Amino acid sequence: MRLVGATLYALRIPFVESFSHSATERGCSDSIVVRVRDETGVEGFGEGAPRAYVTGETTETAWSHLADTLWPRVAERALPDASTLDAAGVPEGGVLDALAAAVPDVALNGALAAHASRAALELAILDCALRRDGRSLAALLPPRRSRVTYSGVVTAGPLERVVLHARRMRVVGFRHVKLKVGFDDDVARVKAAREALGPDVSLRLDANGGWSFARAVEVLGAVEPFDVAAIEQPLARGTAEELARLRAATPIPLMADESLVTLADAEALLAEKAVDFFNVRVSKCGGLARSLTIATRAAEAGVGVQVGSQVGETAILSAAGRHLAAALPAVAFAEGSFGTLLLAEDVSRESVRFGHRGEASLLTGPGLGVRVVEERLRRHAVAVRDLR
């Protein structure tokens, strides 16, 4: 397979309702979509969501990294072909690794890891290679379940809004709900959410690194009676030892998110037995292959896995997350696939939005399983760049 052209789209799709937490507030999407084309005219689409507070990438730096560094290293070069790899006897997991390895690992100055840009190009190459062969990503990541069940999310806002959203989620039938915390009224927020959800819904918290160590101990001790399943990223990204110390000081299970970006992060957290769960996100972790590696290491160590998402991601990243969540041996929680529940318009013909109880069917079409409408990309793009 040889890639002969690509197009970058910097997307800003308006949200139906703003989404906020302790680190930021968003009123529109903020991602980069990559479209690649091979020598036969087959196209593939990928997406990355740069977040300065997660990987150190911004839309501008990821855009430049893709256009000026990554694309020139794959353009017009022979890349692995899925059917050729099959014929050579490469196992399914090896095919995924070989296709992902086509994306060079090049550092980005000022960033912890150039993972959003890498994920966007990796997904585009995977989508193209599989479409060229008429196969679904499910052929490389065989599903272990017939559907994926997603969590609801209650964002920041006054207590009245917390109660309203939690009640809505109970009516819809969500079995798992995440509540954003990291504010002065955290204990009251958790109490209000638990009362609105009732005792049968799993409730977990996400501080987005907004607490000090002392504040984390204080709040987590106070909310223990409200049956909290986990607290995600209670502290700002720091050492694994600090998280391990907090884990020993609180009865509530810990989940790493911003502290888990690279495989080295994963190994450090596992070595210290610092957390109970990993939040694995495809864009944050550098693509599907690296996400699968981190999730596998977690499972081997007895650490639970949440397949997470980026706020405002389109159907492209949602599809990748759906395949990952369906293929892993065990998934504690899954997030994402909000589609037009959050976006004013999504970019695919197929809806990836979850339904009642947060349930969503598997994607079986060629490639990632979604057909991207280029007209919608251009409608919501604030910048477009063709690459040769």
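Here the structure is shown first, and the text comes after it.
Here the structure is a predicted model, which is why all the values come from computation and not from measurement.

1. Description of the overall build of the chain
What the chain contains, in helices and strands, is 12 helices and 16 strands. The C-alpha radius of gyration computed for the chain amounts to 20 Å, which stays within 12% of the reference 21 Å derived for 388 residues, consistent with globular compactness. With the C-alpha coordinates aligned to their principal axes, the bounding extent of the chain is approximately 60 × 40 × 40 Å. Taking all 388 residues of the chain together, the buried fraction comes to 57%. The contacts in the chain between residues at least 6 apart in sequence include a share of 76% that link residues at least 24 apart. With the model as given, the accessible surface of the chain reaches about 14,400 Å², and the carbon-plus-sulfur share is 51%.

2. Some points on helix H9 (residues 263-272)
Along H9, the positions that sit buried rather than exposed are Asp265, Ala266, Leu269 and Leu270. Around the axis of H9, the buried residues are gathered within 130 degrees of arc, so they sit on the same side. Among the exposed residues of H9, those pointing more than 90 degrees away from its buried face are Ala264 and Ala271. Structurally, H9 contributes buried residues whose contacts are with helix H8 (240-249), strand S11 (254-256), strand S12 (277-280) and helix H10 (288-300). Lys273, located one to two residues past H9, shows a positive phi value of around 50 degrees.

3. Re the packing of aromatic side chains
In the structure shown here, the tally under the stated rule is 4 aromatic pairs. Ring centres 5.3 Å apart and planes at 70 degrees place the aromatic pair Phe338 and Phe354 in the edge-to-face group. With Phe338 in the loop between strand S14 (333-334) and strand S15 (359-361) and Phe354 in the loop between S14 and S15, this pair connects stretches of sequence that are 16 residues apart. The class of Phe338 is partly exposed, set by a relative accessible area of 22%. An aromatic cluster is defined as three or more aromatic residues linked by ring pairs; in this entry it consists of Tyr150, Phe174, Phe338 and Phe354. We note Arg204 situated over the ring of Phe333; from NZ or CZ to the ring centre the distance is 4.2 Å. A cation over a ring is seen here: Arg245 above Phe213, with NZ or CZ 4.0 Å from the ring centre.

4. Some words on helix H1 (residues 59-74)
Spanning 16 residues, H1 covers 21 Å between terminal C-alpha atoms, matching the ideal 22 Å at 1.5 Å per step. Among all positions of H1, only Thr59, Ala62, Trp63, His65, Leu66, Ala67, Thr69, Leu70, Trp71 and Val74 are buried. Summarising the contacts, the buried residues of H1 are in contact with strand S1 (3-11), strand S4 (31-38), helix H4 (115-133) and strand S16 (381-387). Glu76, located one to two residues past H1, shows a positive phi value of around 65 degrees.

5. Let's talk about the sheet that holds S16
An order of S5-S4-S1-S16 is seen for the 4 strands of this open sheet, with the pairing classed as antiparallel. One side of each edge strand has no neighbouring strand; the edge strands of this open sheet are strand S5 (43-48) and S16. Averaged over all neighbouring strand pairs, the angle between strand axes comes to 15 degrees, with direction disregarded. Across 8 bridges, S1 lies against S4 in antiparallel orientation.

6. What to know about the pairing of strand S10 (residues 228-232)
On a regular strand, each side chain points to the face opposite its neighbour's, so the side chains alternate between the two faces of the sheet. The element S10 is extensively covered by neighbouring structure, given that 4 of its 5 residues are classed as buried. Bridging between strand S9 (residues 202-206) and S10 involves 3 bridges; their strand directions are parallel. If you follow Leu203 over to S10, its bridge partner there is Val228. Taken together, S9, helix H7 (residues 213-222) and S10 constitute a β-α-β crossover, and its handedness is right-handed. As paired strands, S10 and S11 are joined by 2 bridges and run parallel to one another. Of the residues in S11, the one forming a bridge with Ile231 is Leu254.

7. Structural notes on the packing of helix H5 (residues 159-172) against helix H6 (residues 186-197)
Contact pair H5 / H6: the axes reach a minimum separation of 8 Å and the direction vectors enclose 30 degrees. Looking at the two axes, H5 sits roughly parallel to H6. Every pair of crossing elements has a handedness; the one defined by H5 and H6 is right-handed. Note on element contacts: H6 touches H5 through Ala188, Arg189, Ala192, Ala193, Ala196 and Leu197, opposite Leu159, Val162, Val163, Ala166, Arg167 and Arg170. Taken together, the residues that form the contact of H5 with H6 break down as 9 nonpolar, no polar and 3 charged.

8. Side note on unusual backbone geometry
The phi angle at Glu76 is positive, at roughly 65 degrees, despite the residue not being glycine. With respect to the helices, strands and loops of the structure, Glu76 is situated in the loop between H1 and helix H2 (82-87). In this model, Lys273 sits at a positive phi of 50 degrees, which is unusual for a non-glycine residue. In this fold, Lys273 is placed in the loop between H9 and S12.

9. Brief notes about the environment of Glu335
You can see Glu335 is positioned in the loop between S14 and S15. Given the relative accessible area of 8%, Glu335 is considered buried. Separated by 182 residues in sequence, Glu335 and Val153 place their C-alpha atoms 8.5 Å apart. Ignoring anything within four residues of it in the chain, the contact list for Glu335 reads Tyr150, Ser151, Lys178, Arg204, Glu232, Gln306, Val307, Gly308 and Ser309. At 2.8 Å, the side chain of Glu335 forms a polar contact with the side chain of Arg204.

Calculation criteria
Residues numbered from 1 in each chain as written. Predicted model: local features only at pLDDT ≥ 70, side-chain atom pairs only at ≥ 80, totals over all residues. Heavy atoms only, no water. Helix = DSSP H or I, 4+ residues; strand = E, 2+ residues; numbered from the N terminus. Rg over C-alpha atoms; globule rule 2.2 N^0.38 Å. Buried < 20%, exposed > 50% of the residue type's maximum accessible area, 1.4 Å probe, protein only. Contact = heavy atoms within 4.5 Å. Areas by Shrake-Rupley, 256 points an atom, 1.4 Å probe, with all protein chains shown as cover. Arc of directions from axis to C-beta. Phe/Tyr/Trp six-rings, centres within 6.5 Å; stacked < 30°, edge-to-face > 60°. Lys NZ or Arg CZ within 6 Å of the ring centre and 35° of its normal. Expected span 1.5 Å × (residues − 1). Pairing = 2+ DSSP bridges. Axes fitted to C-alpha atoms, helices over the stretch in contact; angles between N-to-C directions. Right-handed = clockwise from strand over helix to strand, strands pointing away. Parallel < 35°, antiparallel > 145°, perpendicular 65-115°, else oblique. Left-handed = near helix turned anticlockwise from the far one by under 90°. Nonpolar A, V, L, I, M, F, W, Y, C, P; charged D, E, K, R; others polar. Polar contact = N/O pair within 3.5 Å; in protein donor to acceptor, adjacent residues only side chain to side chain.

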